[in-house]
Amino acid sequence: MPRRWLFADQLGPHFLDDRKQPVLLIESKAVFRRRVYHRQKAHLILSALRHRAAELGDQAIFLRAETYGQALSKVREPLEVCHPTSRRALEFVRRLDRVTVLPARGYATSLADFADWADGRRGALRMEPFYRFARERHGVLMAGGDPVGGRWSLDPEHREPPPKDGAPGVPAPPRPREDDIDAEVRADLDRWEREGIRFVGRDGPRHFPATAKEAKARLRHFLRHRLAAFGRYEDAMLAGDPWLAHSVLSAAFNLGLLDPMEAVRGAEQAYRTEGASLAGVEGFVRQIMGWRDYVWHMYWYFEPARRNRNELATRRSLPAWWNELDADVVDANCLSDVLTGVRDRGWADHLPRLMVLGNYALQRGWRPAELAEWFHTRFVDGYEWVMTGNVIGLSQYADLGRMTTKPYVAGGAYLNRMSDYCGGCRYDPRERLGENACPFTAGYWAFLSTNRPRIPANARLARTIKQLEGLSDLAAVVVQEKRRGNDPP
Ligand SMILES: Cc1cc2nc3c(=O)[nH]c(=O)nc-3n(C[C@H](O)[C@H](O)[C@H](O)COP(=O)(O)OP(=O)(O)OC[C@H]3O[C@@H](n4cnc5c(N)ncnc54)[C@H](O)[C@@H]3O)c2cc1C
Ligand code: SF4
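Residues numbered from 1 in each chain as written. Chains lettered and ligands numbered in written order. Predicted model: local features only at pLDDT ≥ 70, side-chain atom pairs only at ≥ 80, totals over all residues. Heavy atoms only, no water.

Asker: How should the site of ligand 1 be read in this particular structure?
Answerer: Neighbouring residues of ligand 1: 27 residues in total, closest Ser-247, Val-248, Asn-254, Asp-381 and Asn-390. Here a nitrogen atom of ligand 1 sits 2.8 Å away from a polar atom, N or O, in the side chain of Asn-390. Expressed as a share of its isolated accessible area of 810 Å², the protein-covered part of ligand 1 is 99%. Those elements that place two or more of their residues in the shell around ligand 1 are α9 (250-254), α11 (278-301), α14 (350-364) and α16 (384-395). (Near = heavy atom within 4 Å. Polar contact = N/O pair within 3.5 Å; in protein donor to acceptor, adjacent residues only side chain to side chain. Areas by Shrake-Rupley, 256 points an atom, 1.4 Å probe, with all protein chains shown as cover. Helix = DSSP H or I, 4+ residues; strand = E, 2+ residues; numbered from the N terminus.)

Right under this line is the structure:
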């Protein structure tokens with residue numbers, strides 16, 4: 001059986017054909033010189049890779065080298081590798097004569113299935129019809145040819161504001177226990193920093209699974225204790241609780257530790273045999289088979305240049321406080337709390353990413369490609385393939401709506417409804433002008449005013465544009481926000 005080369009995001013058992021298959025694992029130090037990563041992201045990747053090497057023992061050749069090329073020169077036998085997750089890595093492995101590239105693993109649908117579905121379809125390729133296709137293809141939550149419960153999506157049931165008492169009523173995901181491998185990784189990273197490799201963010205206890213066993217344990221805990229509240233609070237944000245009822249499994253999926261279909265089947269079973277609510281289960285399944293796969297396919301299906309789209313023609317670079325995750329200089333409660341979470345954990349949930357971080361960047365006119373690099377390197381689950389869809393398409397509207405019908409931009413009123421941030425903030429979400437003007441509310445109107453000519457006409461925006469036209473102080477708001485510029489709000 002040929003030796004299977006596993007990249008550091010292909011670490012689970014589903015990347016092997018046989019439990020005894022010979023394996024090659026490579027740890028490249030140059031990867032950490034090329035980009036400035038969050039310290040906890042570097043820790044998680046190295047910890048996961050080294051744990052896999054320890055699990056496999058003699059079955060694996062584990063090489064630590066400066067570059068992949070240097071490591072490969074020490075292995076003479078033919079190799080096979082599953083389709084890597086970035087274009088750069090795919091080109092690299094394709095150039096190597098003795099390496100056979102196999103189809104991708106770790107996603108619900110294959111690239112070929114997606115192409116079959118997408119080729120020849122008219123108009124924008126939206127997530128919703130793809131999700132239906134994927135559910136039918138895999139027979140998930142189906143009753144004959146129909147979706148169970150009669151509806152494909154229970155999305156409207158997922159929009160509840162946070163619970164009034166500030167507690168979603170579910171236990172937090174237990175933190176994995178660190179071991180000697182983590183201690184060794186921490187010591188190595190300290191040494192690398194002294195040698196000049198730069199990281200951002202704070203070091204801290206490992207919050208995310210580094211082994212398949214830890215990932216399965218987190219999935220089990222989620223299905224048993226947290227899934228019930230998942231749908232309800234999917235869009236809510238709480239200052240004191242970064243995890244709410246989310247699965248916190250994205251890093252485990254993206255490291256390849258957990259097969260996404262295992263999570264999907266586990267959730268379906270919870271619905272069919274354990275009485276879990278359909279709203280929560282369908283919502284979770286949609287995140288994985290729908291959004292995650294859709295974003296993956298968007299990356300491969302569309303031209304590479306999509307990563308550099310910038311149809312709103314933004315020109316500002318990310319400011320230093322943002323790049324350095326300096327949450328202490330930010331007064332705006334929502335942004336300060338979310339940025340603190342990124343600094344201290346390398347993670348935030350979907351709504352904080354989309355409606356606090358992405359929304360703020362969009363309002364400020366920051367370059368989408370720089371923001372994509374920021375999300376890629378500052379988040380423990382950040383990978384290049386995730387960025388094109390989530391940052392360029394969804395969050396920054398830089399492709400003028402291939403993924404979404406209107407930009408994800410919102411003012412303080414929305415954030416006030418969906419979070420408990422505004423009560424303790426020095427700004428007022430209702431104000432757009434003056435000392436107390438909420439930077440999100442003012443930024444929202446300034447964004448719409450500036451970008452209106454570029455945003456395609458859209459029925460969903462018609463009421464907002466009417467409101468915009470009725471604002472007597474709009475010019476002053478635009479000037480105020482220009483003055484605020486890139487300063488921390
Ligand atoms: C600006 C921006 C940047 C993002 N960057 C990343 C990223 O670097 N890596 C990443 O995995 N997700 C990213 N997401 C998607 C989403 O925010 C995270 O997957 C989610 O917050 C992870 O938390 P969770 O595991 O608790 O997710 P849950 O809410 O429990 O969802 C279950 C799973 O669904 C998958 N999923 C859901 N939505 C998406 C999506 N839009 N894209 C990809 N997978 C999805 C994830 O694997 C997640 O673990 C980004 C979203 C935005 C708006
Ligand atoms: S008032 Fe504005 S800045 Fe303050 S927490 Fe609310 S939305 Fe954020």
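Asker: Whenever I open this one, the site of ligand 2 confuses me. Can you help?
Answerer: Taken together, 13 residues lie around ligand 2, and Ala-332, Cys-334, Cys-422, Cys-425 and Cys-438 are the ones closest in. Within the residue set of the shell around ligand 2, elements represented by two or more residues are α13 (333-345), α17 (412-418) and α18 (439-451). The residue makeup of the shell around ligand 2, split by class, is eleven nonpolar, two polar and no charged. (Nonpolar A, V, L, I, M, F, W, Y, C, P; charged D, E, K, R; others polar.)

Asker: I would appreciate a short explanation of the environment of Thr-405 in the present structure.
Answerer: Here Thr-405 lies in the loop between α16 and α17. Taking the relative accessible area as the measure of exposure, Thr-405 reaches 35% and is therefore partly exposed. Note: C-alpha distance between Thr-405 and Arg-194 (211 residues apart in sequence) is 48 Å. Contact partners of Thr-405, with chain neighbours within four places excluded, come to Arg-126, Tyr-397, Asn-458 and Arg-460. For Thr-405, the side chain forms a polar contact with the side chain of Arg-460, separated by 2.5 Å. (Buried < 20%, exposed > 50% of the residue type's maximum accessible area, 1.4 Å probe, protein only. Contact = heavy atoms within 4.5 Å.)

Asker: What am I meant to see in the pattern of salt bridges here?
Answerer: Oppositely charged side chains can pair when the atoms bearing their charge come close. Throughout the structure, instances matching the rule amount to 42 salt bridges. Arg-452 is the partner of Glu-469 in a salt bridge, and the nearest nitrogen-oxygen pair spans 2.7 Å. Pair noted here: Glu-469 is in helix α19 (residues 462-469) and Arg-452 is in the loop between α18 and α19, with a separation of 17 residues, a long-range link. Residues joined by salt bridges that share partners form a network here, namely Glu-27, Lys-29, Arg-50, Arg-64, Glu-184, Asp-188, Arg-191 and Glu-195. (Salt bridge = Lys/Arg side-chain N within 4 Å of Asp/Glu carboxyl O.)

Asker: I keep staring at the side chain of Arg-206 and nothing clicks. Help me out?
Answerer: Counting through the fold element by element, Arg-206 comes out in the loop between β9 (199-200) and α8 (212-230). Residue classification places Arg-206 among the buried residues on the basis of a relative accessible area of 4%. Here the side chain of Arg-206 touches Asp-182 through a polar contact of 2.9 Å, side chain to side chain. Side-chain polar atoms of Arg-206 contact the side chain of Glu-214, separated by 2.8 Å. Those residues in contact with Arg-206 that lie beyond four places of it in its chain are His-43, Leu-44, Ser-47, His-51, Arg-175, Pro-176, Arg-177, Glu-178, Asp-182 and Glu-214.

Asker: Quick question: what am I supposed to make of the environment of Ala-236 here?
Answerer: Relative to the assigned elements, Ala-236 resides in the loop between α8 and α9. The exposure class assigned to Ala-236 is buried, which follows from its relative accessible area of 1%. C-alpha separation for the pair Ala-236 and Lys-406, spaced 170 residues apart in sequence, amounts to 21 Å. Every residue in contact with Ala-236, bar those within four places of it in the chain, is listed here: Glu-160, Pro-161, Pro-162, Leu-244 and Met-418.

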